[in-house]
Amino acid sequence: MKVLVVGANGQIGKHLVTIMQNKDNLEAKAMIRKQEQAAVFEELNAETAVVDLEQDIDTIAKAAEGTDAVVFTAGSGPHTGKDKTIMVDLDGAVKTIEAAKAAGVKRFIMISSFDTRREAIQAAPSSFAPYVAAKHYADEWLKRTDLDYTIIHPGALTNEEGTGKVKAATEVERGEVPRQDIASVIAASLENDSTIGKEFQVVGGTTPINEAIRAL
């Protein structure tokens, strides 16, 4: 399975490309924003596509051509304004969904926020609410397509080394989870068609990742 990783230069994206390039059944195509970001992926023998999420749908669709799945791991980051939250986390996500459809790619995995229900928007601090709202509407857009989607809602992300074990369910208590483990959850979701049409929350836990994903 060849997978377009959107936001490959992000921390989860880098872990994911590394994991996939070490598997026999998964192959990454890294979508990056700048050519100078390509070197790390070339060392992993991963194909790259230089595309900015603020470009048009056709440009993103061209990057998705010839792939079997798209994973959206991109994000505007905590140090940008509300304008970038809208342009990347909402519009960029929706354009990527539409690009997958245009390219004939059915499988789509979205990395969302831990809780994107309407209640979560209202409960979020004012500085964080625009991000939750952007993720809410991007998730809703995806769910209303005919794509074979999976939506992953990670807990508070850390840079700790992955443990290979998580707790995953439709709803779990808030907690932390290493980015490396979320990358492994994405790979396991790509390998398990039982995750199609599902969304779930993930935090650190005691269940091996493959087992946790199969049990969803």
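Structure: above.
Keep in mind that this is a model prediction, so the values were computed, not measured.

S.K.: A description of the environment of Ala 99 should follow, citing residues and the corresponding values.
M.R.: Its location among the elements puts Ala 99 in helix α4 (residues 82-103). For the pair Ala 99 and Val 70, spaced 29 residues apart in sequence, the C-alpha to C-alpha distance is 9.7 Å.

S.K.: I'd like to hear about the packing of α4 against helix α6 (residues 129-143), residue by residue, with values.
M.R.: Two numbers describe how α4 lies on α6: the axes approach to 9 Å, and their chain directions differ by 10°. Judged by the inter-axis angle, α4 sits roughly parallel to α6. Taken together, the residues of α6 that come into contact with α4 (itself represented by Lys 82, Thr 85, Asp 89, Leu 90, Ala 93, Val 94, Ile 97 and Glu 98) are Pro 130, Tyr 131, Ala 134, Lys 135, Tyr 137, Ala 138, Trp 141 and Leu 142. Classifying every residue of the contact of α4 with α6 gives 11 nonpolar, one polar and four charged.

S.K.: Any chance you could break down α4 for me, citing the residues and the numbers?
M.R.: Compared with an ideal rise of 1.5 Å per residue, which puts 22 residues at 32 Å, α4 spans 30 Å between its outermost C-alpha atoms and is within 8% of the ideal. Roughly 35° is the biggest bend found in α4, and it falls at Asp 91. Buried within α4 we find Thr 85, Val 88, Asp 89, Gly 92, Ala 93, Val 94, Lys 95, Thr 96, Ile 97, Ala 99 and Ala 100. On its buried side, α4 packs onto β1 (2-6), α3 (57-64), β4 (69-72), β5 (107-111) and α6.

S.K.: Give me the lowdown on the pairing of β1, citing residues and values where you can.
M.R.: Counting buried residues in β1 gives five out of five residues, a clear majority hidden from the surface. Taking every second residue as pointing to the same face, both faces of β1 are buried, with Lys 2, Leu 4 and Val 6 on one and Val 3 and Val 5 on the other. For β1 and strand β2 (residues 27-32), the ladder comprises five bridges, and the chain directions are parallel. Opposite Val 3, over in β2, you have Ala 28 as the bridge partner. As a crossover connection, the stretch from β1 through helix α1 (residues 11-21) into β2 is right-handed. Bridge count between β1 and β4: four bridges; the pairing is parallel. Bridge pairing in β4 links Val 5 to Val 71.

S.K.: Describe the pattern of salt bridges, with residues and values.
M.R.: Overall, the coordinates contain 10 salt bridges when judged by the stated rule. As a salt-bridge pair, Arg 117 and Asp 115 come within 2.8 Å of each other at their nearest N and O atoms. A residue is classified by how much of its surface remains accessible, and Arg 117, at 44% relative accessible area, is partly exposed. The shortest N-O distance in the salt bridge between Arg 144 and Glu 140 comes to 3.7 Å. Overall, Arg 144 belongs to the exposed group, its relative accessible area being 71%. The partly exposed category is assigned to Glu 140, whose relative accessible area is 23%. When salt bridges that share partners are traced, they join Glu 140, Lys 143, Arg 144 and Glu 199 into one network.

S.K.: Quick rundown of the packing of aromatic side chains? Include the residues and the values.
M.R.: Under the defined criterion, the tally for this structure stands at one aromatic pair. Seen in terms of ring centroids, Phe 128 and Tyr 131 are 5.3 Å apart; in terms of plane orientation they differ by 35°. Their pairing is tilted.

What counts, and where the lines are drawn
Within every chain, residues take consecutive numbers counted from 1 along the sequence as written. Totals for whole chains, interfaces and linings use every residue, but because this is a predicted model, local features are given only for residues with pLDDT of at least 70 and side-chain atom pairs only at 80 or more, for both listing and counting. The side-chain numbers reported here are obtained from all heavy atoms of the structure, hydrogens and water having been left aside. Secondary structure follows DSSP: runs of H or I at least 4 residues long count as helices, runs of E at least 2 residues long count as strands, and numbering of each begins at the N terminus. Interaxial angle, 0 to 180 degrees, is taken between N-to-C directions of lines fitted to C-alpha atoms, where a helix line uses only the stretch in contact. An angle below 35 degrees is read as roughly parallel, one above 145 as roughly antiparallel, one from 65 to 115 as roughly perpendicular, and any other as oblique. Two residues form a contact once any of their heavy atoms are found within 4.5 Å. Any residue that is not Ala, Val, Leu, Ile, Met, Phe, Trp, Tyr, Cys, Pro, Asp, Glu, Lys or Arg is counted as polar, Gly included; the first ten are nonpolar and the last four charged. In a helix, the anticipated span is given by 1.5 Å times the number of residues less one. Bend, at a single residue, is the angle you get between axes fitted to the 7 residues ending at that residue and the 7 residues starting at it. Here the term buried applies to any residue with accessible area under 20% of the maximum for its type, exposed to any over 50%, and partly exposed to those in between, with areas from a 1.4 Å probe on protein chains only. Two strands qualify as a pair provided DSSP detects at least 2 bridges between them. With its strands directed away from the observer, a crossover is right-handed exactly when the path from the first strand over the helix to the second travels clockwise. Any Lys or Arg side-chain nitrogen found within 4 Å of a carboxyl oxygen on Asp or Glu counts as a salt bridge. Two rings belonging to Phe, Tyr or Trp (six-membered ring only in the last case) form a pair when the distance between their centres is within 6.5 Å. Interplanar angles under 30 degrees mark stacking, angles over 60 mark edge-to-face geometry, and anything in between is tilted.

Geometric descriptors of this kind do not, in isolation, establish any biological role.
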